[in-house]
Amino acid sequence: MTMPDARGSVVVVGAGTIGIACSHYLAKAGLKVTLIDRGTVASACSHGNCGYICPSHVPPLTEPGAFAVAMKSLLNPQAPFRVKPRMSPAMWNWMWQFARRCNHRQVLSAGKHLQSILDASMAEYRNLIEENSIDCEWKEDGLLYVLRTQRGMDAFAKSDQMLTKEFGVSADRIEGDQLSEFDPGLKSGLAGAFHYTGDTSVRPDKLNRQWGELLRSSGVTIHENCELTSVYKEAGRVKHLSTTRGDLEAEHFVFAMGAWSTRWSDALECRVPVEPGKGYSVTMKRSEPLPKHPILFPEHKVGVSPFDEGLRLGSMMEFAGYDTSIDGRRIQQLRDSARPYLVASVDGDAEETWYGWRPMTWDSLPIIGPTKNLRNAFLATGHNMLGLSLAPSTGRLVAELVTGEDTHIDASPYSPSRF
C-alpha cells in the first residue's frame, strides 16, 4: 500500500454507516480521506438491520425495570432481550454500570442528549438524500407501533404520554377497529397502534452502497479487506497504523469500529466500554398484502420492514459476546412472533438470514470525540441500536471536531472522557 501524504489527511477505520458518514463530512471539510475496513463496505451491523431512521426513539435502553428483564433472561434462552450466562468480567461490569442507570432520571437526562443528535441527524439526512439523489427507498410513512392486547395499549399509552410531556414527541393513536383500514397488511382483532409520523425508513444496504459510491466519486480512497493490526504512537499522537495491506500515515485518525472498538481501548489509551448486542433478521420475498408502514410489535420485540422487493423481520438483543452463529431457532422466533399480526405469510423462503453486533454503551449514548491521551485520535462508536439514525450528525460532529470548527450541536455529552 502506498503511504499517502499525511498533511491534511485522515484515516477512518471502519466502513459501516458511521465510518461512511465520518468520511463523507471529512471529505466535505476538505481533508484527504482514506477509509478502511476488515471486510467490505457496510457488510456487518450496517447491512441487515430494519432500516428505521427514528427521532421517536428518544428513551434510552436504561429504562426502569430493564435490568430485571435482563437478569430473568439468564434462565430463558428464548427471551427477546437475553444475557447469555458466561464468565466475562468486562460484560458483568458493563451490566452493573447499566443497572445503576436504569431509573427515570437517567431516562430524561440521556433522552435529552439522544434527542439532540437524533433531530440533527434527520435534518442532515434530508439534505443528503435530496442533494445527492440517493435512491435507497427513503419513505416518510412514519413508524407504527402495533399492540396485540389492551394491556399492551395501556402500557404503551403511558410511554407515549411521557414522550409528549418530556420531549414533545407525540403519536397518533389508532384504535383496533380502525387499524385494518389504516393498514390492510395488519390482521383484524388487534388492540390498536401508535403512529409516529416524523420517522422515516430506508433499505440500509441500498443507502450504504450508494453512499459508498458517492464517497469514491468525491475522491475518498476505500480499502476493503484491510484489517487494522497495530496502532503506532509517538509523543502523544498516533504516528501510523499497520494493516494487513500495509502501513498508513495521516494527520488524524478516526476509529469507527462499532462493537470491535473495545478491543482497541488499550492501544488508544482510553476506556471504550462497548458490549456487542447481537441482533438477527430474516429477509424474504414479498407476500401480499404487505403492510404499508414499517412496524414494531412492542409486546413481541419484533420489527417489520416492507421493502420494494422484500419483507424483513428483525429483532433480538443478545449479550452473548462475539458469537458468530445464526441460531435457526431465533429466525423461527422472528417468524412466529410476527405471524399473529400480519396478513401476509411470514413463512417464505429466506433470501438472507443475518446477525449483527450492535455497539452497546451502558448509558445508551454514543461515544464521539477526541481521545484523552492521543491528540489526533477520535472515536465514533457506541451507537447502540441507533447507528443508522445517528450516522449523519455523528459524521458532521467528527468533521467539526477534527477541523476545530464550532459544532452544530453540543458534543460534550458524547465525549469519550466521560468514562
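For the structure given in this document, a descriptive report is provided here.

Parameters at a glance
Chains are numbered independently. Their residues run from 1 in the order of the written sequence. With the structure being a predicted model, the display of local features is reserved for residues of pLDDT at least 70 and the display and counting of side-chain atom pairs for 80 or more, all residues being used for whole-chain, interface and lining totals. Water and hydrogen atoms play no part in the side-chain values, which are based on all heavy atoms of the structure. Here a strand pair is declared whenever DSSP counts at least two bridges between the two strands. Runs of H or I in DSSP of at least four residues are treated as helices and runs of E of at least two as strands, each being numbered from the N terminus. Angles shown run from 0 to 180 degrees and are taken between the N-to-C directions of axes, each axis being a line fitted to C-alpha atoms and, for helices, limited to the stretch in contact. To estimate how far a helix should extend, the number of its residues minus one is multiplied by 1.5 Å. Burial classes: relative accessible area under 20% of the type maximum marks a residue as buried, over 50% as exposed, and values in between as partly exposed (1.4 Å probe, protein chains only). Working note: the arc is built from the helix axis to C-beta atom directions. Put simply, buried Ala, Val, Leu, Ile, Met, Phe, Trp, Tyr and Cys residues joined by side-chain atoms within 4.5 Å make one nonpolar core. Two residues qualify as a contact provided that any one of their heavy atoms is within 4.5 Å of a heavy atom in the partner residue. Working definition: a ring pair exists when centres of Phe, Tyr or Trp rings (six-membered ring for Trp) sit within 6.5 Å. Plane angles under 30 degrees give stacked, over 60 give edge-to-face, the rest tilted. Contacts described as polar in this section are N or O atom pairs within 3.5 Å, which, within protein, must combine one atom able to donate a hydrogen with one able to accept it, while residues neighboring in sequence count only if both atoms come from side chains. By definition in this entry, angles of less than 35 degrees are roughly parallel, angles greater than 145 are roughly antiparallel, angles of 65 to 115 are roughly perpendicular, and the rest are oblique. Should the near helix be turned anticlockwise from the far one by less than a right angle, the crossing is termed left-handed; should it be turned clockwise, right-handed. Residue polarity is assigned by list, with Asp, Glu, Lys and Arg as charged and Ala, Val, Leu, Ile, Met, Phe, Trp, Tyr, Cys and Pro as nonpolar; anything else, Gly included, falls into the polar class.

Turning our eyes to something else, we now look at the sheet that holds strand S11 (residues 237-243). Spatial strand order, S10-S11-S12: 3 strands in an open sheet with antiparallel pairing. Each having just a single partner strand, strand S10 (228-234) and strand S12 (246-249) make up the two edges of the open sheet. On average, each strand axis in the sheet is tilted by 25 degrees relative to the strand beside it, whichever way the strands run. In this sheet, S11 lies alongside S10 in antiparallel orientation, the contact comprising 6 bridges. Within S11, the residue paired with Glu234 across the bridge is Arg237.

Right, let's get into helix H7 (residues 204-217). Taking 1.5 Å of rise per residue, 14 residues should cover 20 Å, and H7 covers 20 Å from first to last C-alpha, within 8% of that figure. When we look at burial in H7, the residues that qualify are Pro204, Asp205, Leu207, Asn208, Trp211, Gly212 and Leu215. Along the axis of H7, the buried residues cluster in a sector spanning 160 degrees; they form a single face. Directly beyond the C-terminal end of H7, a positive phi value near 100 degrees is found at Gly219.

The biggest cluster of nonpolar side chains holds 71 residues, and the ones touching the most others in it are Leu26, Leu207 and Val254. The element that contributes the greatest number of residues to this core is helix H4 (residues 104-132), accounting for 11 residues. Leaving out residues up to four positions away in the same chain, Val254 has contacts with Val10, Val11, Val12, Val13, Cys22, Leu26, Phe378, Ala380, Val398 and Val402. Counting 37 residues, the second-largest nonpolar core is a separate cluster that includes Val13, Phe81, Val83 and Phe253.

Two descriptors summarise a pair of aromatic rings, namely the distance from one centre to the other and the angle between the planes of the rings. For the structure on display, the rule yields 14 aromatic pairs. Seen from their ring centres, Tyr125 and Trp138 are 6.0 Å apart, and the 45 degrees between their planes marks the pair as tilted. Highlighted residues: Tyr125 in helix H4 and Trp138 in the loop between H4 and strand S5 (143-147), separated in sequence by 13 residues. Each member of the pair, Tyr125 together with Trp138, is buried. Relative to Phe194, the ring of Phe156 lies with its centre 5.0 Å away and its plane at 40 degrees, an arrangement referred to as tilted. Of this pair, Phe156 sits in helix H5 (residues 150-167) while Phe194 sits in strand S7 (residues 192-196), and the two are 38 residues apart along the sequence. Since its relative accessible area comes to 2%, Phe194 is described here as buried.

Looking now at the sheet that holds strand S9 (residues 221-223). Taken in spatial order, the 6 strands of this open sheet run S9-S2-S1-S13-S20-S19, and their pairing is mixed. At either end of the open sheet lies a strand with only one pairing partner, and these are S9 and strand S19 (367-370). Across the sheet, the mean angle from the axis of one strand to that of its neighbour is 15 degrees, orientation sign disregarded. When strand S13 (residues 252-255) meets strand S20 (residues 377-381), the two strands line up parallel, connected through 3 bridges. When the bridges of S20 are listed, Val254 appears paired with Phe378.

Helix length check: H4, at 29 residues, gives a terminal C-alpha distance of 41 Å against a target of 42 Å (1.5 Å per residue), a fit within 8%. Of the residues that open H4, the one with a side-chain oxygen 3.2 Å from the backbone nitrogen of Arg105 is Asn103.

Relative orientation of the contacting elements helix H1 (residues 17-28) and helix H9 (residues 387-403) amounts to 40 degrees, with a least axis distance of 7 Å. When the axes of H1 and H9 are compared, the pair comes out oblique. Note on packing geometry: the crossing formed by H1 with H9 is right-handed. For the pair formed by H1 and H9, the contact residues are Thr17, Ile18, Ala21, Cys22, Tyr25 and Leu26 on the first element and Gly387, Leu388, Ala391, Pro392, Thr394, Gly395, Arg396, Val398, Ala399 and Val402 on the second. For the contact of H1 with H9, the class distribution of residues is 11 nonpolar, 4 polar and 1 charged.

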